[in-house]
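# What the coordinates show
Chain by chain, the residues run as shown.
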Amino acid sequence: MDDLHILLIDDEVQYSELTKEYLEMRGCKVTLKHDGLAGFETFKQNQFDLCVLDVKMPKIDGFTLAEEIKSIDECVPIIFLTGQSLKEDKIKGLTLGADDYLTKPFSMEELYLRIRVILKRVKAQEKTKIVNEFKVGSSVFNSELRELSVLNKTIKLTSIESKLLTLLCQYQNKVLTRDIAMLGIWGDEEHFRGYSLNVYVSKIRKFLKEDPMVEILNLHGEGYKLINK
Amino acid sequence: MDLLFLKNLMNGDELLVDRFVEIFRKQSRGQVAALKPLLIRQQWEELSNAAHSLKTQFNYLGLETFATQVKNIEENVDNGDYHNLDKMIDIFEDDFRKFYDTEFPC
C-alpha cells in the first residue's frame, strides 16, 4: 500500500487526524482536508487512488462533493463516512457511484480493509481494460494508433506527441505538472527538456485549435491543464 | 464510557483510545456549551452540525443516552421543529454537565 494516495475529507478536525494517522501507519499516504471546498480544490490539483468523504459537512456535503469529483474523474473510488444509518442515505450514496459506505462509529481497521478490497478490485479492472481511446472535446485520440481525429480530419502523431497527449488526457481537467510530463515522456525530468516540452505542447495545441471544445492551459510554474469544455 | 468498544474500533491501540478520550475531554464541553447560543441566534445549519458532531463522539464512546438526546435535537432542527429545542438542550446540558464532572473531575 506504499504508493497509495488517499484523500480524506472530514470536518471532525481532531478525530480525523487519528484516522489519518492510522491509515498512514498501515502504509497509505493520506491528504486530509476539513471541508468540501478545500477538499475539491485539492482533488483538482493532485492524483488520488481513492477518496474517503464524510457526508455531513459545512459548505459542501459529501454527496454533492462526490458528484463534483465524479464529474472530473468518474473512475476514482469513493467511500462515504456517515453518522446516519438511514437506508435512503445509503442508497443515495451508492447511486452516486460510491464504492462503499461506512457508518460511524466505524473500526479503523475495517476502513483500511475496505480501502484495500476496493483498490484490489480497481486494479483488477484496470488490468483487463487498457484505455487507448480518449475523447478530447469533440475530437478523438487513439494512443495505440497515435491518431488524433479533429473535425473529421485525422492527424498522425509522433511517438513523443502521442505520449504527451496521452498524459494530458489522463490528467484531463487536472494539472499535469512539468515533472510528471517529462518523466512520462522521456523517463527523466532534466531541466533541458523544459524547452522541448513547451514546443510539443504548442504542437498539440495547434492540432486541436479547430476544436472549440478543448483548450490546453499553461499554468505558470506548474504545468499544463487540458480542459474539456 | 465504554472504552472496550472504542478499543475494538481502534484495533486494540491503547494510544489511539487515550488520544480519542483526550480530544473528547478537551472539546466536548465547549461544543455542548455552544448549542444554546446557536439556538438563540437561530443558526440552524450550525446547530444541526454541532449536534451531529456530538452524536458521533457519543456513539464512539458508547454513550447511547447522550447520543439519542443530540440525535433528537439534530432531527428536530433538520425537520424545522424548533419549539421544543430550548427545553431539550437544557435537559441535555444538565445531564452532560453531571456526567462530565464525574468522569473528568478537575
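Computed from a prediction, not measured in an experiment: that's the story for all the values here. (Residues numbered from 1 in each chain as written. Chains lettered and ligands numbered in written order. Predicted model: local features only at pLDDT ≥ 70, side-chain atom pairs only at ≥ 80, totals over all residues.)

For chain B, the helix and strand inventory stands at 5 helices and 0 strands. Order of helices (α) and strands (β) in chain B, N terminus to C terminus: α-α-α-α-α. The buried share of chain B, taken over its 106 residues, is 33%. Expressed as a percentage of contacts within chain B between residues at least 6 apart in sequence, the contacts between residues at least 24 apart total 43%. (Helix = DSSP H or I, 4+ residues; strand = E, 2+ residues; numbered from the N terminus. Buried ≥ 20, exposed ≤ 12 C-beta atoms within 10 Å, placed from the backbone. Contact = placed C-beta atoms within 7 Å.)

All names here are of chain A. Pairing within the open sheet is antiparallel, and its 3 strands lie in the order 10-12-11. The open sheet is flanked by strand 10 (176–177) and strand 11 (214–219), the only strands paired with a single partner. The sheet contact formed by strand 10 and strand 12 (residues 223–228) spans 2 bridges and is antiparallel. If you follow T177 over to strand 12, its bridge partner there is G223. Along the sheet, helix 6 (residues 159–170) contacts strand 10, strand 11 and strand 12; its crossing angle with strand 12, the most-contacted strand, is approximately 65 degrees. (Pairing = 2+ DSSP bridges. Axes fitted to C-alpha atoms, helices over the stretch in contact; angles between N-to-C directions.)

With that settled, consider helix 3 (residues 44–60) of chain B. All names here are of chain B. For helix 3, built from 17 residues, the straight-helix expectation of 24 Å at 1.5 Å per residue is met to within 8% by its first-to-last C-alpha distance of 25 Å. Buried residues dominate helix 3, accounting for 12 of its 17 residues. Three or more residues of helix 3 are buried, namely L47, A50, A51, H52, S53, L54, K55, T56, Q57, F58, N59 and Y60. Those residues of helix 3 that are buried lie in contact with helix 1 (3–9), helix 2 (14–40) and helix 4 (64–78). Phi turns positive, to about 70 degrees, at G62, one or two residues after helix 3. (Expected span 1.5 Å × (residues − 1).)

Here we take up the interface of chain A and chain B. Contacts between the two partners involve 14 residues from chain A, matched on the other side by 16 residues from chain B. Ranked by the residues each element gives to the side of chain A that touches chain B, the list is headed by helix 1 (residues 13–25) of chain A, at 4 residues. Residue composition of the side of chain A that touches chain B, by class: 7 nonpolar, 3 polar and 4 charged. (Nonpolar A, V, L, I, M, F, W, Y, C, P; charged D, E, K, R; others polar.)

Here we take up the nonpolar core. Grouped together as the largest cluster of nonpolar side chains are 53 residues, with contacts concentrated most on I6 and L53 of chain A. Per element, the largest residue contribution to this core is 7 residues, and it comes from helix 2 of chain B. Residues within four places of I6 of chain A in sequence aside, it is in contact with L23, C28, K29, V30, F48, D49, L50, V52 and I115 of chain A. In this structure, L148, A181, V201 and I204 of chain A belong to the second largest nonpolar core, which totals 20 residues. (Core = buried A, V, L, I, M, F, W, Y, C linked by C-beta atoms within 7 Å.)

Moving on, we come to the confidence of the model for chain B. Note: predicted coordinates in regions of low pLDDT should not be interpreted at a detailed level. All names here are of chain B. In this model, chain B carries a mean pLDDT of 93, and residues with pLDDT of at least 70 account for 100%. By mean pLDDT, helix 1 is the weakest element of chain B at 91, and helix 5 (residues 85–103) is the strongest at 96. Taken over the whole predicted complex, pTM reads 0.68, whereas the ipTM for its chain interfaces reads 0.83. (pLDDT = per-residue confidence, 0-100.)

Residue and element names in this part refer to chain A. With parallel pairing, the 5 strands of this open sheet are ordered in space as 2-1-3-4-5. In this open sheet, the two strands that pair with only one neighbour each are strand 2 (29–33) and strand 5 (100–103). Taking the axes of each pair of neighbouring strands and ignoring which way they run, one obtains an average angle of 20 degrees across the sheet. As defined by bridge partners, strand 1 (residues 5–9) adjoins strand 2 across 5 bridges and the pair is classed as parallel. Pairing of I6 across the sheet is with V30, part of strand 2. Each of strand 1 and strand 2 touches helix 1; the most contacted strand, strand 2, lies at about 170 degrees to it. Contacts from helix 3 (residues 62–72) reach strand 1, strand 3 (50–54) and strand 4 (78–82) within the one sheet, and its direction differs from that of strand 3 by about 155 degrees.

Residue and element names in this part refer to chain A. Of the two faces of strand 7 (residues 139–142), the one holding S139 and F141 is buried and the one holding V140 and N142 is not buried anywhere. As judged from the 4 bridges shared by strand 6 (residues 133–136) and strand 7, these two strands associate in the antiparallel manner. Paired with K135 across the strands is V140, a residue of strand 7. For strand 7 and strand 8 (residues 147–150), the ladder comprises 3 bridges, and the chain directions are antiparallel.

Another aspect to go through is the pairing of strand 11 of chain A. All names here are of chain A. Two elements, strand 11 and strand 12, share 6 bridges in a ladder whose sense is antiparallel. Bridge pairing links E215 to I227 in strand 12. Taking the residues between adjacent antiparallel strands as the criterion, strand 11 and strand 12 are bridged by 3 residues, where G221 takes a positive phi near 80 degrees.

Cis peptide bonds are those with omega within 30 degrees of zero, and the linkage from K104 of chain A to P105 of chain A qualifies with 0 degrees. When you line up the elements, P105 of chain A lands in the loop between strand 5 and helix 5 (108–128). With a phi angle near 70 degrees, K59 of chain A is a residue other than glycine that sits in the positive phi range. You can see K59 of chain A is positioned in the loop between strand 3 and helix 3. On the basis of neighbour count, K59 of chain A is assigned to the partly exposed category, with 14 C-beta atoms found within 10 Å. Located in the positive-phi region is Q42 of chain B, a residue other than glycine, with phi close to 55 degrees. When you line up the elements, Q42 of chain B lands in the loop between helix 2 and helix 3. The class of Q42 of chain B is exposed, set by 9 C-beta atoms lying within 10 Å.

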